[in-house]
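Notes for the structure review
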Amino acid sequence: MNRRAVFFDRDGVLDVDTGYVSKPEEVRWIDGAREAIALLNKQGFLVFVVTNQSGIARGYFTVADMEALHAWMEAEIEKKGGHIDRFYYCPHHPTKGVIPGLVHPCQCRKPQPGMLLAAFRDYGVSRRGSFLIGDRMSDVDAALNAGIPGYLFTGSNLLDFVRQILARQARGCGI
């Protein structure tokens, strides 16, 4: 298939990274985040979240806690007219943790491209026209390792940042 997608890191891009966010009351949305997702949906992009969640391996919260948070986030995004096609997460950490089986190197923890490659496979995503937005170089490296551009978000308004990327794309400047 030929479906374009945008991949977002979660903490630091969609919500303020305050460290191991696992409950709705801990979420402080980045300005324009929900609106950016709605805009991308209207533009025909699939939207995925790809997030390292080593707090699971460390025993800070459970998979069920994280899935409940993601369901809440999805409902909040829907209130702004957008949706996430799927949340992909890596529960592993290569060296730190207390949960057996989750402390080891893996192919899904960014900068490895495993989560992105899973979305390509699961949803027929095309590399052409797809990109990732993250707040760390490991996010950008994961995008490059998957064969798509990655953008480093260091601003305060995600909607403005996404509009700039889409404008460059429309001018044929590539992504």
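Scroll up to find the structure.
All values derive from a computational prediction rather than experimental measurement.

**Describing the packing of aromatic side chains**
- Within the structure shown, the criterion is met by nine aromatic pairs.
- Note on Phe-7 and Phe-120: the rings are 5.8 Å apart at their centroids and 90° apart in plane angle, and the pair reads as edge-to-face. Of this pair, Phe-7 sits in strand β1 (residues 5–8) while Phe-120 sits in helix α3 (residues 114–123); the two residues are 113 residues apart in sequence, bridging distant segments of the chain. Assigned by exposure class, Phe-7 and Phe-120 land together as buried.
- A network of ring pairs unites the aromatic residues Phe-7, Phe-48, Tyr-88, Phe-120 and Tyr-123 as a single cluster.
- Between Arg-4 and the ring centre of Phe-45, over which it is positioned, the NZ or CZ distance is 3.8 Å.

**Structural notes on the nonpolar core**
- Membership of the largest hydrophobic core comes to 30 residues, with the highest contact counts inside it found for Phe-8, Leu-14, Leu-40, Ile-133, Leu-158 and Val-162.
- Contributing elements (two or more residues each) for this core: β1, α1 (33–42), β2 (46–52), α2 (63–78), β4 (131–134) and α5 (158–170).
- Considering each element in turn, this core owes the most residues, six residues, to α5.
- The contacts of Val-162, once residues within four sequence positions are left out, are Phe-8, Ala-36, Leu-39, Leu-40 and Ile-133.

**Comments concerning the side chain of Asp-15**
- Position of Asp-15 relative to the elements: it lies in the loop between β1 and α1.
- Take Asp-15: its relative accessible area is 0%, and that puts it in the buried class.
- Here Asp-15 is in contact with Arg-10, Val-21, Val-27, Arg-28, Trp-29, Ile-30 and Met-73, once residues within four sequence places are set aside.

**Considering the pattern of salt bridges**
- Tallying each qualifying case throughout the model produces ten salt bridges.
- Across the pair Asp-11 and Arg-10 runs a salt bridge, and its minimum N-O distance is 2.9 Å. The pair formed by Asp-11 and Arg-10 is uniform in burial state, with each residue classed as buried.
- Here Asp-17 and Arg-136 are joined by a salt bridge, their closest N and O atoms 3.2 Å apart. Linking Asp-17 in the loop between β1 and α1 with Arg-136 in the loop between β4 and α4 (137–146), this pair joins segments that are 119 residues apart in sequence.
- Among the charged side chains, a network of salt bridges with common partners joins Asp-9, Lys-110 and Asp-139.

**Quick look at the layout of surface pockets**
- Taken as a whole, the largest pocket holds about 390 Å³ of empty space.
- If you trace the largest pocket, you find 16 residues lining it, with Asp-17, Asn-52, Ser-54, Arg-109 and Arg-136 closest to the centre.
- The set of elements that each furnish at least two residues to the lining of the largest pocket consists of β2 and α4.
- Looking at the lining of the largest pocket, its residues break down into one nonpolar, six polar and nine charged.

**Examining the pairing of β4**
- By the alternation rule, side chains of β4 split into Phe-131 and Ile-133 and Leu-132 and Gly-134, which are all buried.
- One ladder, built from three bridges, connects β1 with β4; its direction is parallel. Looking at β4, one finds that Phe-8 is bridged to Ile-133.
- When β4 meets strand β5 (residues 150–152), the two strands line up parallel, connected through three bridges. Bridge pairing in β5 links Ile-133 to Tyr-151.
- Handedness of the β-α-β unit built from β4, α4 and β5 comes out right-handed.

How each quantity is defined
- Residues numbered from 1 in each chain as written.
- Predicted model: local features only at pLDDT ≥ 70, side-chain atom pairs only at ≥ 80, totals over all residues.
- Heavy atoms only, no water.
- Phe/Tyr/Trp six-rings, centres within 6.5 Å; stacked < 30°, edge-to-face > 60°.
- Helix = DSSP H or I, 4+ residues; strand = E, 2+ residues; numbered from the N terminus.
- Buried < 20%, exposed > 50% of the residue type's maximum accessible area, 1.4 Å probe, protein only.
- Lys NZ or Arg CZ within 6 Å of the ring centre and 35° of its normal.
- Core = buried A, V, L, I, M, F, W, Y, C linked by side-chain atoms within 4.5 Å.
- Contact = heavy atoms within 4.5 Å.
- Salt bridge = Lys/Arg side-chain N within 4 Å of Asp/Glu carboxyl O.
- 1 Å grid on protein atoms, 1.4 Å probe; cavity = no way out; pocket = protein on both sides within 12 Å on 5 of 7 lines; lining within 4 Å.
- Points joined across faces, edges and corners; volume = space filled by probe spheres on them.
- Nonpolar A, V, L, I, M, F, W, Y, C, P; charged D, E, K, R; others polar.
- Pairing = 2+ DSSP bridges.
- Right-handed = clockwise from strand over helix to strand, strands pointing away.

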